[in-house]
Amino acid sequence: MMNEKLIMKTTSYRPRNPGHDYYGIGTYLITLVVRGREPLFGRLGKDATHPEMQLSPLGEAVQQAWKQIPERQAEHGNRVEVHACVCMPDHFHGVIEVKEPMEWSLGDIMQAFKAKCTSQWQRMQGLPDSRNRPILVDCSSSTAPLWLREKAKRFHSEGALINNLSKKQRQQYYALVGREQRPLFDDNYDDTVCLDSRHREAMIAYVHDNPRRAILRRALPDVMQRCLHVRIGGHSYGAFGNLFLLRWANKVQVQCHRKHPANGQPYEETADYTRQREQWEKAILGGATVMVTPGVSRGELLMKNECLGKGYPLIHIQKDPIGPYWKPERQRFDACANGSLLVLAPWELDSMEAVNGVPSDSDYSRFHNLNNLAAEICSFNGEAKIFKQ
């Protein structure tokens, strides 16, 4: 059940996981994007073997502000720890851990961090902090909307600061004034909730590996594509990787039962699985063959990992959605860079038909629906339709 504080207290942030307790203990991978995708934090090198960011003074200040979060939050009685961060030219990644339940939410902490970075950016430009900027200075023109002039008049004795405006009014106000008076970051941000200690280490590794990933994506655009709406046969997907794999002459589905239907033995331990695996590998080594699988059952997962490890062509269908900032973990990312992988995430997987009377959003139905999609992709010989992002 959602924590009562989540209902009573809100911020401008709409969490990625609405049922999660953002006041409680947890670890998160945070992504913040510079408003308008302006490359304000520095320049990215070109050598993927020695990847590095040449930080601007603002990039250095943002990273320093991130490292200061634990000390600043301790003043408010919040015990947090930061594990890693990286400034890319137009966005920021960081891993933060909440050590004990707080009166503040994660959204409040991120809002304070974003405000601190905006203030530093404005000071570097020789401008006053926009949070303390009287909106009256922007109301001198008769073109200023009536609501803004009335708001400035109403709060004149208090200085009529930006903080007196609602979120919607602030957005309208920022549209009227110059870029330097707007926040440094977009209004929202992305968070990924850590599942366990292994996931946390993967988050930290992802942050450190970000410059290398960006260099590879820039150098290899054809095999590192992210498409949020691709139509393949009768279904729509988000996609990341080498879309050309859809046009390969021979696509073979890797599908395995969890247990052998005859004796109940784990299927991957049977002679039937060994024979299937040999046939799959023979087809791959024969050329022009790509494996297609969601990798759900143990046997499917073993073959998926073998394809990734050996660089065999693979179309992997995953249940998790692909959004505008989604990227695969290192092994799949490197496979995309080699041109040997396409990751597909079906839209509205949980709204597909129930299987054998089991609701469509159950693991059982997802397993069958994902494999049905794999079968459809194997029979697909047309051109994938890519819609405008």
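Owing to the predicted nature of the structure, the values given are computational and were not obtained by experimental measurement.

Chemist: Looking at this model, I keep getting lost on the overall build of the chain. Mind explaining?
Modeler: Counting its secondary structure elements, the chain contains 11 helices and 13 strands. Taking all contacts inside the chain whose residues are at least 6 apart in sequence as the whole, residues at least 24 apart take part in 67%. Element-wise, carbon and sulfur atoms account for 50% of the exposed surface of the chain, whose accessible area totals about 20000 Å².

Chemist: Hey, could you run me through the sheet that holds strand 13 (residues 385-386) in this one?
Modeler: Hydrogen bonds between backbone atoms are what pair the strands of a sheet, whose relative direction is either parallel or antiparallel. One open sheet holds the 7 strands; their spatial order is 9-10-11-12-8-7-13, and the pairing between them is mixed. Two strands bound the open sheet, and with one partner strand each, they are strand 9 (250-253) and strand 13. In this structure, strand 10 (residues 289-293) lies alongside strand 11 (residues 314-317), joined through 3 bridges in parallel fashion. Within the sheet, the bridge partner assigned to Thr293 lies in strand 11 and is His316. Packed onto the sheet, helix 10 (residues 330-337) meets strand 8 (235-241), strand 11 and strand 12 (341-346) and runs at close to 120° relative to strand 12.

Chemist: Sorry if this is basic, but what is going on with the packing of aromatic side chains here?
Modeler: Summed over all chains, the structure comprises 10 aromatic pairs. Each ring, one from Phe240 and one from Trp326, has its centre 5.9 Å from the other, and the planes form 75°; the classification is edge-to-face. With Phe240 in strand 8 and Trp326 in the loop between strand 11 and helix 10, this pair connects stretches of sequence that are 86 residues apart. Taking relative accessible area as the criterion, Phe240 reaches 0% and is therefore assigned buried. For Trp326, a relative accessible area of 16% corresponds to the buried category. Joined through ring pairs, the aromatic side chains of Phe41, Trp66, Phe92, Phe113 and Phe185 make up one cluster. Residue placement shows Arg258 over the ring face of Phe367; its charged tip is 4.9 Å from the ring centre.

Conventions used here
Counting from 1, residues in each chain are numbered in the order their sequence is written. At least 70 in pLDDT is required for a residue's local features to be given in this predicted model, at least 80 for side-chain atom pairs to be given and counted, and no such filter applies to totals for whole chains, interfaces and linings, which use all residues. Each side-chain value is worked out from all heavy atoms of the structure, with water and hydrogens disregarded. Put simply, DSSP H or I for four residues or longer makes a helix, DSSP E for two residues or longer makes a strand, and each gets a number counted from the N terminus. A contact between two residues is defined here by any heavy atoms of the two lying within 4.5 Å. Method for areas: the Shrake-Rupley scheme with a 1.4 Å probe, in which residue coverage is limited to the protein chains shown. DSSP bridges decide pairing: two strands pair if at least two such bridges lie between them. For every element, the axis is a line fit to its C-alpha atoms; helices are fit only across the contacting stretch, and the angle between N-to-C directions ranges from 0 to 180 degrees. Pairs were defined over the aromatic rings of Phe, Tyr and Trp, the Trp ring being its six-membered one, requiring ring centres within 6.5 Å. Orientation was assigned from the angle between planes: stacked under 30 degrees, edge-to-face over 60, tilted for the rest. The classification of residues rests on relative accessible area computed with a 1.4 Å probe and restricted to protein chains. Under 20% of the type maximum is buried, over 50% is exposed, and intermediate values are partly exposed. Whether a charge sits over a ring comes down to the Lys NZ or Arg CZ being within 6 Å of the ring centre and within 35 degrees of the ring normal.

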